[in-house]
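Topology and contacts: notes
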Amino acid sequence: MKLVTINPKLLEKYQSDPEVLTKSGRPYVMVIHLIYKGKKYDFAVPIRSNIPAAAPKEQYFALPPRPTTRPKNRHGIHYIKMFPVTKEYLIRYRTEGNVFAQLIQSIIDKNTKKIVDACQAYLDQYASGQKPQFATDIDYLLTKLFQNNKDA
């Protein structure tokens, strides 16, 4: 899995879902080939500085706090904010010279299976109708992603 940012054109497409995080330059973890409702899709999962302390632990993968992480909040990969993406909307996230970003990439590399399994488990629950409060609307976002594309 690699760190990426998202082309603003995709975030603009998704702007009518208020749960999609649109902060410019935000790092995402690219998780490829997850199964949602029987089909394989790629997903971008945001890394957030301030996941509320009340968020259930199965909704995120914890990372070391950033300087911007407020007391009692969590820094991590937030599964409920994931959204479908295609390669054309990905921008490489540069980690060169950024010690913290390199640390995060190292942690992700060591925990790839755990993160992928958690993302898949989240999608399976979501597809079965268990949509947590504040989650992105994956069905709507898939429609927006492929509205001009006959592949979906």
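Coordinates for the structure precede this section.
My aim in this report is to walk through the structure given alongside it, one point at a time. What you are looking at is a predicted structure, and each value in this text was computed from that prediction instead of being measured.

**Side note on the overall build of the protein chain**
- Looking only at helices and strands, the protein chain has four helices and seven strands in total.
- Traced from its N-terminal end to its C-terminal end, the protein chain shows the element sequence β-α-β-β-β-β-β-β-α-α-α.
- Taken against the 2.2 N^0.38 rule, which gives 15 Å for 152 residues, the C-alpha radius of gyration of the protein chain at 15 Å falls within 12% of a compact globule.
- Projecting the C-alpha coordinates of the protein chain onto the three principal axes gives extents of approximately 40 × 30 × 30 Å.
- Sorting the 152 residues of the protein chain into buried and exposed places 46% on the buried side.
- Considering only intrachain contacts with a sequence separation of at least 6, the fraction spanning at least 24 residues in the protein chain is 66%.
- Of the roughly 8,500 Å² of accessible surface on the protein chain, 53% is carried by carbon and sulfur atoms.

**Brief notes about the environment of Leu-3**
- When you line up the elements, Leu-3 lands in strand 1 (residues 2-6).
- For Leu-3, a relative accessible area of 4% corresponds to the buried category.
- In this structure the C-alpha to C-alpha distance between Leu-3 and Val-85, which are 82 residues apart in sequence, comes to 14 Å.
- Ignoring any residue separated from it by four or fewer positions in sequence, one finds Leu-3 in contact with Tyr-28, Val-29, Ile-47, Arg-92, Tyr-93, Thr-95, Ala-101, Gln-105 and Ile-108.

**Examining the environment of Gln-120**
- Residue placement: Gln-120 occurs in helix 3 (residues 112-127).
- Looking at Gln-120, the relative accessible area reads 18%, which means it is buried.
- When the C-alpha atoms of Gln-120 and Ile-35 are compared, they prove to be 7.0 Å apart, with 85 residues separating the residues in sequence.
- Among all residues touching Gln-120, those that are not within four sequence positions of it are Leu-34 and Ile-35.

**What about the packing of aromatic side chains?**
- The final tally for this structure, using the stated rule, is five aromatic pairs.
- Arranged with centres 5.4 Å apart and planes meeting at 65°, the rings of Tyr-28 and Phe-83 form a pair that is edge-to-face. Taken together, the positions of Tyr-28 in strand 2 (residues 28-36) and Phe-83 in strand 6 (residues 83-85) put the pair 55 residues apart, joining distant regions of the chain. When sorted by exposure, Tyr-28 lands in the same class as Phe-83, which is buried.
- With centroids separated by 6.2 Å and ring planes inclined at 40°, the aromatic side chains of Tyr-41 and Phe-146 adopt a geometry described as tilted. Placement of Tyr-41 in strand 3 (residues 39-51) and of Phe-146 in the segment after helix 4 (138-145) is noted, with a sequence separation of 105 residues between them.

**Description of unusual backbone geometry**
- Although it is not a glycine, Lys-37 adopts a positive phi angle of roughly 50°.
- Assignment of secondary structure puts Lys-37 in the loop between strand 2 and strand 3.
- For Phe-134, which is not glycine, the phi dihedral falls at a positive 75°.
- Locating Phe-134 in the fold gives a position in the loop between helix 3 and helix 4.
- The exposure class assigned to Phe-134 is partly exposed, which follows from its relative accessible area of 49%.

**Some thoughts on the pattern of salt bridges**
- Within this structure, the stated rule accounts for five salt bridges.
- Residue Asp-42 is joined to Lys-87 by a salt bridge in which the shortest nitrogen-to-oxygen separation is 3.2 Å. A residue pair is termed long-range when its members are at least 10 positions apart, and Asp-42 in strand 3 and Lys-87 in the loop between strand 6 and strand 7 (90-92) qualify at 45 residues.
- The class for Asp-42 is buried, based on a relative accessible area of 10%.

What counts as what
- Residues numbered from 1 in each chain as written.
- Predicted model: local features only at pLDDT ≥ 70, side-chain atom pairs only at ≥ 80, totals over all residues.
- Heavy atoms only, no water.
- Helix = DSSP H or I, 4+ residues; strand = E, 2+ residues; numbered from the N terminus.
- Rg over C-alpha atoms; globule rule 2.2 N^0.38 Å.
- Buried < 20%, exposed > 50% of the residue type's maximum accessible area, 1.4 Å probe, protein only.
- Contact = heavy atoms within 4.5 Å.
- Areas by Shrake-Rupley, 256 points an atom, 1.4 Å probe, with all protein chains shown as cover.
- Phe/Tyr/Trp six-rings, centres within 6.5 Å; stacked < 30°, edge-to-face > 60°.
- Salt bridge = Lys/Arg side-chain N within 4 Å of Asp/Glu carboxyl O.

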